[in-house]
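# Overview (structure and organization)
Residue strings, one per chain:
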Amino acid sequence: MARLTDIKGIGEKRAELFAKLGVTNTEELLRYFPRGYEDRTKIISLADAPIGENICIRARAFSAVKETRIRRNMTIYSMIVTDDAGALNIIWYNNRFVKGAFRGGEEYIFYGAIHLNRGKRELVNPIYEAVGKEKFTGRIVPVYPLCEGLTQAAVRSAVEAVISESDRLREYIPSEIRARYGLCELNFALKNIHFPENSNNYEIARRRFVFEELFTLRLALMLKKGTNNVRERTPYKDTDYGEFIKSLPFKLTGSQERVIEEIAGDMSTACAMSRLVQGDVGSGKTAVAAAAIYMTVKNGYQAVMMAPTEILANQHFESFTKMFTPFGMRVVLLTSSAKGKKAVLSAIESGEADIIIGTHAVLQKNVNFARLALAVTDEQHRFGVAQRGMLIDKGENVNVLVMTATPIPRTLALILYGDLNVSALNELPPGRKTVKTYSVGEDMRKRIYAFLEKNIRSGMQGYVVCPLVSETEKSDLENAVNLSEKLKKIFPDFTVGLVHGKMKAADKNEVMSDFVSGKTDILVSTTVIEVGVNVPNSNIMIIENAERFGLSQLHQLRGRVGRGAEQAYCILLAHGNNEITKMRMQTMCASNDGFYIAEQDLKLRGPGDFFGTRQHGLPELKIANLFEDSDLLIMAQNAAEELIKSDSLLERAENAAIKERALGIISQNTVMN
Ligand code: ADP
Ligand code: MG
């Protein structure tokens, strides 16, 4: 592995620019993949040239380059070119380099797109090469992500210099696996991912790197979590949960019954449970977790349930205390602000506490469980891979139950969990009315407040959600602090509460308990109430700047209302009239189905910010696309499993190289570490 400055043409200055892109040596340069390609293999005659597509044309400079200054900071350079079939005007904006670049009568290759300007065809800002001196004409040319100061030409020539040396990198995918899955060799792949000889070779190269990326990531996760071992544990003797179910104030839905039955099945085997429960907001996941907890404690063990916010942990603590105290089971709360922490810690350690509810505070080193057998993570998508791993490590081969309302695409679930079993709660408790959702503009604000008032006068409560906590210079989005002041003035008869993430935990708890008890009529908040909060008496939610939220997030927020018997309403105050916003709001108004909404969100926003692997605590994928490459993902998953089965710690010589790469992922990724 050589330094970049060893490459001809790269000095210290340029090497610093490359470093900004994360490229500090030749191997990293080879792995700096193009973000796209220019196909310059076909030359099209002027007569056939289509509008709006990038194309190559070969033409003669007919006129000299004309310089026209149209205003400060804007100069247009133009030139007429001809071929046998016709003539074309070329223009460049603010590119003074083109001025002396052409000789009348000489031939050049231009690469760019033709646009119509008042009905006339114009080639805008093309790249060009003189005929006889072509470097890239006739080739598929890589386009790299850049940083300021670094040009495409600079990156291309650096990559080309390195790639033209023979046998640049050692292969690390074991040859047996390459043969079985039809993957090309590394150096061939490198050459063809940067400078594909043709589109077929490009596909072959890409396929290898997508596989490699997913395969290595999966191996890293398996090495890290040790999911290669069957996690043996003593089966629970008694998985009868009838008494507990009888004590609940409602009859379970069919889905809840089925999932609890699946869990009881897991727990009566000699292999620790790994189960993900996916269920839309309000589908009753808490009762499912409670049944699992009940079975665990009944068998003499401890159970822990981790929630992403204090508000939610408090709420679970309160309802579990009511549920389990009649059975003589002791519930404790552990959050960073909970009172009597010392006593709680010693109760957990002595085994006096049966059920521990908490935030990530339960992960701390000083939390030692006497006989932990079940770890539940609520709203798992809020936690990283490492945090879930830490919880599991609190006991020996504990049963793992993770719950989420955010649907995870099957492909991503496969990477994250491998062979995790998935249960779906696909039915809502009966009598639940769908939340009526409306998207409105600013002009409706008065009427909305009148509607809010009417609901509160009839004894209900309401939420008002804002994207920001307080005023910032940069943003004109609504903020919770301001709006709560405004609402106090508008509704002098009502009590207006305020809760947001920057408040002290104790203050947050007080505000929440005032809202739960009905003391507060209107709760102004940020998205801290997004997950899990359950106040059945609130039936109306107004969301400010709704266009700023993800659809899945809006759906989660909306899930805070419609938990009681009254008809519930969600009003989306959306600003801006662009088509995408309209379609997104329309989706919210038309559907109450979290899975459908997640899909639409993905379509309307693109995968970047939605199912982003980042959100799930994984490193960003450089080349694989979890949606388009799901077949390769399944192959990579199988290959990783087979490899680990045959060499569980990757100790064999032929697996040393891939192991090193997998460990590299772990050490580079703080979340996984
Ligand atoms: P989520 O799946 O979003 O976590 P919760 O577990 O908080 O949903 O349940 C939402 C509400 O529905 C709670 O008030 C809970 O008591 C109630 N609930 C759960 N299961 C049932 C059921 N089978 N019948 C009636 N109400 C139920
Ligand atoms: Mg919940």
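In short, a report on the structure. (Residues numbered from 1 in each chain as written. Chains lettered and ligands numbered in written order. Predicted model: local features only at pLDDT ≥ 70, side-chain atom pairs only at ≥ 80, totals over all residues. Heavy atoms only, no water.)

What follows covers the site of ligand 1. Around ligand 1, a shell composed of 16 residues is seen, among which Lys-251, Gly-282, Lys-285, Thr-286 and Arg-432 lie nearest. Interatomic distance of 2.9 Å between a side-chain N/O atom of Asn-534 and an oxygen atom of ligand 1. Contact with the protein chains covers 84% of the free accessible surface of ligand 1, which is 570 Å². For the shell around ligand 1, the per-class residue count stands at 4 nonpolar, 7 polar and 5 charged. (Near = heavy atom within 4 Å. Polar contact = N/O pair within 3.5 Å; in protein donor to acceptor, adjacent residues only side chain to side chain. Areas by Shrake-Rupley, 256 points an atom, 1.4 Å probe, with all protein chains shown as cover. Nonpolar A, V, L, I, M, F, W, Y, C, P; charged D, E, K, R; others polar.)

A full pass over the atoms with the stated rule returns 32 salt bridges. Where Glu-262 meets Arg-275, a salt bridge forms, and the shortest distance between an N and an O atom there is 3.5 Å. Taken as a pair, Glu-262 in helix H8 (residues 254-267) and Arg-275 in strand E9 (residues 274-279) lie far apart in primary sequence, 13 residues in all. Classification of Arg-275 as buried rests on a relative accessible area of 8%. Salt bridges sharing common partners tie together Arg-31, Glu-171, Arg-178, Arg-208 and Glu-212. (Salt bridge = Lys/Arg side-chain N within 4 Å of Asp/Glu carboxyl O. Helix = DSSP H or I, 4+ residues; strand = E, 2+ residues; numbered from the N terminus. Buried < 20%, exposed > 50% of the residue type's maximum accessible area, 1.4 Å probe, protein only.)

One open sheet accounts for 6 strands, arranged E16-E21-E20-E17-E19-E18; its pairing is parallel. At either margin of the open sheet sits one strand with a lone partner, and together these are strand E16 (436-440) and strand E18 (496-499). Adjacent strand axes in the sheet meet at a mean angle of 20 degrees when their direction is disregarded. By the bridge criterion, 4 bridges tie strand E17 (residues 461-465) to strand E19 (residues 522-525) in an arrangement that is parallel. (Pairing = 2+ DSSP bridges. Axes fitted to C-alpha atoms, helices over the stretch in contact; angles between N-to-C directions.)

One finds Phe-18, Leu-29, Phe-211, Phe-215 and Leu-219 to be the most contacted residues of the largest nonpolar core, which totals 62 residues. No other element matches the 11 residues that helix H6 (residues 199-225) contributes to this core. Beyond its immediate stretch of four places on either side in the chain, Phe-211 contacts Ile-173, Ile-177, Tyr-181, Leu-183, Leu-632, Met-635, Ala-636 and Ala-639. (Core = buried A, V, L, I, M, F, W, Y, C linked by side-chain atoms within 4.5 Å. Contact = heavy atoms within 4.5 Å.)

This part covers helix H9 (residues 285-298). With 14 residues, H9 extends 20 Å from end C-alpha to end C-alpha; this agrees with the ideal 20 Å at 1.5 Å per step. Counting buried residues along H9, 12 of its 14 residues qualify, which places the element largely inside the surrounding structure. Burial in H9 covers these residues: Lys-285, Ala-287, Val-288, Ala-289, Ala-290, Ala-291, Ala-292, Ile-293, Tyr-294, Met-295, Thr-296 and Val-297. Just downstream of H9, Gly-300 is the residue with a positive phi angle, here 90 degrees. (Expected span 1.5 Å × (residues − 1).)

This part is about the sheet that holds strand E15 (residues 421-425). Across the sheet, which stays open at both edges, the 7 strands sit in the order E11-E12-E10-E13-E14-E9-E15 with parallel pairing between neighbours. Where the open sheet ends on each side, the last strands, each with one partner, are strand E11 (331-334) and E15. Averaged over all pairs of adjacent strands, the angle between their axes in this sheet comes to 20 degrees, without regard to strand direction. Here strand E10 (residues 302-306) pairs with strand E12 (residues 355-358) via 4 bridges, running parallel. Its bridge partner being in E12, Met-306 is matched across the sheet by Gly-358. Along the sheet, H8 contacts E9, strand E13 (372-377), strand E14 (399-404) and E15; its crossing angle with E15, the most-contacted strand, is approximately 160 degrees. Across the sheet, helix H11 (residues 341-350) is in contact with E10, E11 and E12; its angle to E11 comes to roughly 125 degrees.

Attention shifts here to the environment of Leu-452. With respect to the helices and strands, Leu-452 occurs in helix H14 (residues 445-457). Taking relative accessible area as the criterion, Leu-452 reaches 0% and is therefore assigned buried. In contact with Leu-452, other than residues within four places in its own chain, are Gly-462, Phe-491, Ile-522, Ile-540 and Ile-542.

It is worth spelling out the environment of Ile-293 at this point. Within the fold, Ile-293 resides in helix H9. Overall, Ile-293 belongs to the buried group, its relative accessible area being 0%. Distance from Ile-293 to Phe-324, taken between C-alpha atoms, is 9.6 Å for residues 31 residues apart in sequence. If we ignore the near neighbours within four places in the chain, the residues touching Ile-293 are Ala-303, Met-305, Phe-320, Phe-324, Ile-355, Leu-374 and Val-376.

Once that is clear, we can look at the packing of aromatic side chains. Between two aromatic rings, the relevant description is the distance of the centres plus the angle of the planes. Tallying each qualifying case throughout the model produces 21 aromatic pairs. Grouped by ring-pair contacts, the aromatic residues Trp-92, Phe-102, Tyr-108, Phe-110 and Tyr-128 constitute a single cluster. Its end group placed over the ring of Tyr-111, Arg-40 keeps NZ or CZ at 5.1 Å from the ring centre. Above the plane of the ring of Phe-136 lies Arg-156, whose end atom (NZ or CZ) is 5.2 Å from the centre. (Phe/Tyr/Trp six-rings, centres within 6.5 Å; stacked < 30°, edge-to-face > 60°. Lys NZ or Arg CZ within 6 Å of the ring centre and 35° of its normal.)

We now examine the packing of H8 against H9. In contact at an axis separation of 10 Å, H8 and H9 are set at 30 degrees when each is read in the N-to-C sense. Taken together, the axes of H8 and H9 lie roughly parallel to each other. Handedness of the H8/H9 crossing: right-handed. From H8, Gln-256, Val-259, Ile-260, Ile-263, Ala-264 and Met-267 reach across to H9, where they touch Ala-287, Val-288, Ala-291, Ala-292, Met-295 and Thr-296. Partitioning the contact of H8 with H9 into residue classes produces 10 nonpolar, 2 polar and no charged. (Parallel < 35°, antiparallel > 145°, perpendicular 65-115°, else oblique. Left-handed = near helix turned anticlockwise from the far one by under 90°.)

Within the sequence span of helix H15 (residues 480-490), burial applies to Ala-480, Leu-483, Ser-484 and Leu-487. Projected onto a plane normal to the axis of H15, the buried residues spread over an arc of 100 degrees and lie on a single side. Those residues of H15 that are buried lie in contact with H14, E17, E18 and E19. Between a side-chain oxygen at the N-terminus of H15 and the backbone nitrogen of Val-481 the separation is 3.4 Å; the capping residue is Asn-479. (Arc of directions from axis to C-beta.)

Below, the discussion takes up the side chain of Asp-354. Among the structural elements, Asp-354 can be located in the loop between H11 and E12. In this structure the side chain of Asp-354 is engaged in a polar contact, spanning 2.7 Å, whose partner is the backbone nitrogen of Arg-330. Once residues within four sequence positions are removed from consideration, Asp-354 is found in contact with Val-297, Tyr-301, Gln-302, Ala-303, Gly-328, Met-329, Arg-330 and Arg-371.

Moving on to unusual backbone geometry. Phi is positive for Asn-94, which is not a glycine, with a value near 50 degrees. Mapped onto the fold, Asn-94 is located in the loop between strand E5 (86-93) and strand E6 (107-117). Even without being glycine, Leu-650 reaches a positive phi, approximately 55 degrees. Checked against the element boundaries, Leu-650 lands in the loop between helix H20 (630-646) and helix H21 (656-668).

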